[in-house]
Amino acid sequence: MTRTGIFPQINAPQTDERPVEDTRHGITRVDEFAWLRAENWQEVFRDPTTLDPAIRDHLNAENVYQTALMADTEELQKRLFNEMKGRIKEDDSSVPMKDGPYAYGSSYKKGGQQPRFFRIPRDGGEEQIILDGDAEAEGKAYFHLGGLDHSSDHKRLLWAFDDMGSEFYKLHVRDLATGEDLPDQIGDTGGSGVWNAGNDGFFYTRLDQNHRPSKVFFHALGTDAAEDRLVFEETNPGFFMSVGGSRRKDWIFININDHETSEYRLLSMADPLAEPMLVAARETGIQYDLEEGGDVFFVLTNADGAKDFKIMTAPVSDPRRENWKELVPHEPGRLILSVLGFQDFMVRLERKEGLPRIVIHDRKTGEEHLISFEEEAYSLGLGGSYEYDTDVIRFSYSSMTTPTQLFDYNMRTRERVLLKTQEVPSGHDPDHYVTRRLMAPAHDGELVPISLIYHRDTPLDGSAPCLLYGYGSYGITIPASFNTNCLSLADRGLVYAIAHVRGGKDKGYAWYEDGKRAKKTNTFLDFIAAAHHLVAERYTSYERIVAEGGSAGGMLMGAIANMAPEVFGGGIIAEVPFVDVLTTMLDDTLPLTPPEWPEWGNPIASEADYKTISAYSPYDNIEAKDYPPILAVAGLTDPRVTYWEPAKWVAKLRKLKTDHNPVLFKINMDAGHAGASGRFSRLEEIAYTYAFALKVTDKASAEPA
């Protein structure tokens, strides 16, 4: 299985072995590479210079190695970068959205990495830049903007940034008349805040030392942040917490949830000193979301066996669960994704038969109508509105061949106005590409959707390479949306495919349930089935398939590498890969471990969960056999998938595998989970992974069509 002549023969970094034993439920594991986990990892997230020099030297050696192996693709990477950059309108601007006397939007300047945020008078006029991301990022190796929230009197802006990649955000308050920030600054936040009714203070979440949003505070402008009032504290480390506000500026929502259970507490914006009111106490497996509706709240919930969710109403005077009334009943196979409330209408985004749709509900008559589309595979985004008392909502539409279109839609007249079509400056002709939606038979008879795009001149005789992407966790659906980057692959004769495997909600909530915990292996088997189907239908061949996935999708990459390496003979790309699942789920000090137990199981408390996870955890199932070329990509300060997971995985792969294919590990020493900051820096990383895919499929020298 060794691929010869593709990479130079260079010795990989040698990783010291320092065995550590761990015994749980009478089962002992030995981890030779546990030392790569920095003992002071919390400190490293805040200050990367504190990393153990031995670990830093090892990671730097990995970067030297991968750079040498990819040296002959440097020109290709530049060409790919320039192609992808050429498809971006460098001075792009959003269509401003109206809110009171102003309309707010964002834009980029030519050559700029970060967005600028602006406002104009509601009916047009001079533009005012309220935040310039490029100016704020100047001199910083990493910079990522968090949330922005302008006050309802339009005098101030609450904004946040992270300059380490560790997702500890600093909150600032800007005076929009002067453009200057006030002295109020708050560190270690979740990245956003919500103004109170008087616009003289705001609510926010603060992260603890383990990166958990465990407390909601209220900050009064002009006061010492150390004196901020604690509004609510979540003591269970297994739950996430966030704070949001209504568009009517009457309610603060404190949302507490894990992956299968939720709880809301409410607070009047006018009274930040009040005790938050519990809506419905958490009950394992019961999820609900609240949306404003004037005299009622709309409640999106799976209560009473509504697996694909239903919509109920609750009076704002007493929204406890016993007062909920059904509005939109549960319909199996129709997954309701989200709800927006307005003065006269309610809007829901739902998915049926694998495709999204928007439904408008008239609150007075109960009449409903759909916003319909014709393509066989497409993506929708519901942008909503800043304003509550409006007839107009905003949504976006795209497909794998159709650039994103932005619409305003009048819910009363049903008029659809095209505001903007995504520009591709270097040119894009949809007729040059073919998009398809296939159904791959899985091991148990289920059908796995595959969305794909390829150039119309690509031969479908099995000779074309294929990049097959997958995720399959947390119920996240990968949309069949327009992606200008993958056109660089399609133009070079590759088939770009997305396998909508179990673990996502592509075919409803049951699709998610069938790909989690004890049924997690369905995710991996679905992805392998998708590859088999693409080969059977002559789209590609086994030696030409490159698999790609990131984060939990990186776990998918690690699992399929162990289960069916021969199927992905081209190679495997694992970005920020969650590959040491068992060790991470056994470490309850890590940021995401307790909240993740509903998704994967709790191997600390349950021997059955321990055995389930250990049976597929990529790091624990590496064997002495042949593997294809593998590329792992990570960020040093990533709090979601810690750097040591891929570092250990790569070391163990090299130790055990029997082939001579290389395992490359590229680690960004200045970034976290999202990779490099800035729109063009991110393109450089994509160009690198695409260059790897082209190199291992003998397409590195192919000219684009």
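In case you missed it, the structure is sitting above this.
The text that follows walks through the structure, step by step, so that each part is easy to find. Just so it is clear, the structure is predicted and the values come from calculations on it, not from any experiment.

Considering the overall build of the protein
The helix and strand tally for the protein stands at 13 helices and 37 strands. Taking the principal axes of its C-alpha atoms as reference, the protein extends roughly 70 × 55 × 50 Å. Out of the 705 residues belonging to the protein, those deemed buried represent 59%. If you take every contact in the protein between residues at least 6 apart in sequence, the share linking residues at least 24 apart comes to 57%. Looking at the protein as shown, the accessible area adds up to about 27,100 Å², and 47% of this sits on carbon and sulfur atoms. Put simply, the protein has 75 plus and 110 minus side-chain charges, and the middle of one group is 2 Å from the middle of the other.

Some points on the sheet that holds strand S35 (residues 571–575)
Strands sit in the order S30-S31-S33-S32-S34-S35-S36-S37 across an open sheet of 8 strands; the sheet is mixed. Of all strands in the sheet, those with a lone pairing partner are strand S30 (433–441) and strand S37 (663–668), marking the two edges. The mean angle between the axes of side-by-side strands here comes to 20°, regardless of whether they run parallel or antiparallel. As judged from the 6 bridges shared by strand S36 (residues 630–635) and S37, these two strands associate in the parallel manner. Across the sheet, Ala632 pairs through a bridge with Phe665, a residue of S37. Relative to the sheet, helix H7 (residues 521–536) contacts S30, strand S31 (447–455), strand S32 (466–470), strand S33 (495–499) and strand S34 (545–550), its axis offset from that of S30 by approximately 120°.

Details of the nonpolar core
Here is a general trend for soluble globular proteins: nonpolar side chains tend to be buried in one another's company. One finds Leu59, Leu468, Tyr496, Phe527, Phe568 and Trp649 to be the most contacted residues of the largest nonpolar core, which totals 124 residues. Take this core: its biggest share by element is 11 residues, from helix H13 (residues 679–696).

What about H7?
For H7, built from 16 residues, the straight-helix expectation of 22 Å at 1.5 Å per residue is met to within 8% by its first-to-last C-alpha distance of 22 Å. Among the 16 residues that make up H7, 12 are buried, leaving the element largely enclosed by the rest of the structure. Buried within H7 are the following residues: Asn522, Thr523, Phe524, Asp526, Phe527, Ile528, Ala529, Ala530, Ala531, His533, Leu534 and Val535. Looking at the residues trailing H7, positive phi occurs at Arg538, about 70°.

Considering the sheet that holds strand S21 (residues 325–328)
Read across the open sheet, the 4 strands follow the order S18-S19-S20-S21; overall the sheet is antiparallel. Unpaired on one side and paired on the other, strand S18 (288–293) and S21 mark the two borders of the sheet. Neighbour to neighbour, the strand axes of the sheet diverge by 35° on average, direction disregarded. Relative to S21, strand S20 (residues 310–315) runs antiparallel, the two sharing 3 bridges. Counterpart to Met312 in the pairing with S21 is Glu326.

Points about the side chain of Asn485
Along the polypeptide, Asn485 turns up in the loop between S32 and helix H5 (487–490). Residue Asn485 is classed as buried on the basis of its relative accessible area of 14%. If we ignore the near neighbours within four places in the chain, the residues touching Asn485 are Met84, Arg87, Leu683, Ile686 and Tyr690.

Thoughts on the packing of aromatic side chains
Scanning the entire structure with this criterion turns up 30 aromatic pairs. Judged by centre distance (4.9 Å) and plane angle (55°), the ring pair of Phe203 and Phe218 falls under tilted. Here Phe203, found in strand S11 (residues 201–207), pairs with Phe218, found in strand S12 (residues 213–220); they are 15 residues apart in sequence, far enough to count as distant. For the ring pair Tyr474 and Trp600, a centre distance of 5.8 Å and an interplane angle of 80° mean the geometry is edge-to-face. In this pair, Tyr474 sits in the loop between S32 and H5 while Trp600 sits in helix H10 (residues 593–600), placing the two residues 126 residues apart along the sequence. Judged by relative accessible area, Trp600 falls into the buried class, the value being 1%. An aromatic cluster is present here, built from Trp251, Phe253, Tyr264, Tyr288, Phe297 and Trp324 joined pairwise through their rings.

Considering the pattern of salt bridges
Applying the stated criterion to the full structure yields 58 salt bridges. A salt bridge links Lys109 to Asp132; the nearest nitrogen and oxygen atoms lie 4.0 Å apart. Residue Lys109 is found in the loop between strand S4 (102–107) and strand S5 (116–121), and its partner Asp132 is found in strand S6 (residues 128–132); the two are separated by 23 residues along the sequence. Residue classification places Lys109 among the partly exposed residues on the basis of a relative accessible area of 35%. Each of Glu331, Arg334, Arg348, Glu350, Lys352, Arg357 and Glu368 takes part in salt bridges that share partners, so that together they form one network.

Here we look at unusual backbone geometry
At Asn199, a residue that is not glycine, the phi angle is positive and equals roughly 60°. With respect to the helices, strands and loops of the structure, Asn199 is situated in the loop between strand S10 (181–195) and S11. Within the chain, Arg538 stands out as a residue other than glycine whose phi angle is a positive 70°. Along the chain, Arg538 turns up in the loop between H7 and S34.

Thresholds, definitions, all that
Residue indices begin from 1 for each chain and proceed along its sequence in written order. For this predicted model, a pLDDT threshold of at least 70 governs which residues receive local features, and a threshold of 80 or more governs which side-chain atom pairs are given and counted, while totals over whole chains, interfaces and linings are taken from all residues. Side-chain figures throughout are based on the complete set of non-hydrogen atoms in the structure, without hydrogens or water. Strands are runs of DSSP state E lasting at least 2 residues, helices are runs of H or I lasting at least 4, and numbering of each runs from the N terminus. Working definition: with a 1.4 Å probe on protein chains only, accessible area under 20% of the residue-type maximum means buried, over 50% means exposed, and in between means partly exposed. By the convention used here, residues are in contact when the closest approach between their heavy atoms is within 4.5 Å. Using the Shrake-Rupley algorithm and a 1.4 Å probe, accessible areas are obtained, with residue cover drawn only from the displayed protein chains. Charged residues are defined narrowly, with Lys and Arg counted positive, Asp and Glu counted negative, and His plus the chain ends left uncounted. For the purpose of locating charges, the reference atoms are NZ of Lys, CZ of Arg, CG of Asp and CD of Glu. Pairing between two strands is assigned when DSSP locates at least 2 bridges connecting them. Note on geometry: axes are lines fitted to C-alpha atoms, helical ones only across the stretch in contact, with angles between N-to-C directions running from 0 to 180 degrees. What we call a nonpolar core is a set of buried Ala, Val, Leu, Ile, Met, Phe, Trp, Tyr and Cys residues that are connected through their side-chain atoms within 4.5 Å. The span you would expect from a helix comes to 1.5 Å times its residue count less one. Stacked, tilted and edge-to-face are the three classes assigned to paired rings of Phe, Tyr and Trp, where Trp is represented by its six-membered ring and a pair needs centres within 6.5 Å; plane angles under 30 degrees give stacked, over 60 edge-to-face, the rest tilted. Each reported salt bridge corresponds to a side-chain nitrogen of Lys or Arg within 4 Å of a carboxyl oxygen of Asp or Glu.

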